[in-house]
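# Coordinate inspection notes
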Amino acid sequence: QVQLVESGGGLVQPGGSLRVSCAASGRIFSTSGLGWFRQAPGKDREFVAAISWSAGNTYYADSVKGRFTISRDGANATVSLQMNSLKPEDTAVYYCAARPYGVTITATTSYDYWGGGTQVTVSS
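Computed from a predicted model, the values in this text were never measured in an experiment.

## Considering the state of the cysteines
Every disulfide links exactly two cysteines, by a covalent bond between their sulfur atoms. Here the structure, examined in full by the defined rule, presents 1 disulfide. The side chain of Cys-22 participates in a disulfide bridge whose partner is Cys-96; the two sulfur atoms lie 2.1 Å from each other. Judged by the sign of its S-S torsion, about -75°, the cystine formed by Cys-22 and Cys-96 is left-handed. Of this pair, Cys-22 sits in strand E3 (residues 18–26) while Cys-96 sits in strand E9 (residues 92–99); the two residues are 74 residues apart in sequence, bridging distant segments of the chain. Owing to a relative accessible area of 0%, Cys-22 belongs among the buried residues under this scheme.

Here you go:
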């Protein structure tokens, strides 16, 4: 019983910044951590970033490394993704997801719970 709700999506110009957040509730700390994924129309859902609850370790896709930062906001179960230097190819629906222990962190199939997504559009 884990519930995830994303927020913060919107329209931003190339080179701009946006921060999306994931509010988690339920038995969230029975999971290993949270991940962010994105999916553009007609494309597969792809891994963006992830964080673990216990150690705070972070993981990033090569396409966003150096531009995006995943973080846990305070001591609660809210995880944010700060997106800087945004590019048109970052346009997608961004999803928050929770994974159990002992799984491949970057694999979409590792995650058991998913939010409904928030749209991020990067366009002039």
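## Structural notes on the pattern of salt bridges
Tallied over the entire structure, the rule returns 5 salt bridges. A salt bridge links Asp-62 to Lys-65, with the shortest nitrogen-to-oxygen separation between them at 3.1 Å. Look at Asp-62 and you get exposed, because its relative accessible area is 66%. As a salt-bridge pair, Arg-67 and Asp-90 come within 2.8 Å of each other at their nearest N and O atoms. Here Arg-67 is found in the loop between strand E6 (58–60) and strand E7 (68–72), whereas its partner Asp-90 is found in the loop between strand E8 (78–83) and E9, with 23 residues between them in sequence. Judged by relative accessible area, which is 0%, Asp-90 ranks as buried. Residues joined in a network through salt bridges with shared partners are Arg-38, Glu-46, Arg-67 and Asp-90.

Criteria and thresholds
Residues numbered from 1 in each chain as written. Predicted model: local features only at pLDDT ≥ 70, side-chain atom pairs only at ≥ 80, totals over all residues. Heavy atoms only, no water. Disulfide = S-S within 2.5 Å. Helix = DSSP H or I, 4+ residues; strand = E, 2+ residues; numbered from the N terminus. Buried < 20%, exposed > 50% of the residue type's maximum accessible area, 1.4 Å probe, protein only. Salt bridge = Lys/Arg side-chain N within 4 Å of Asp/Glu carboxyl O.

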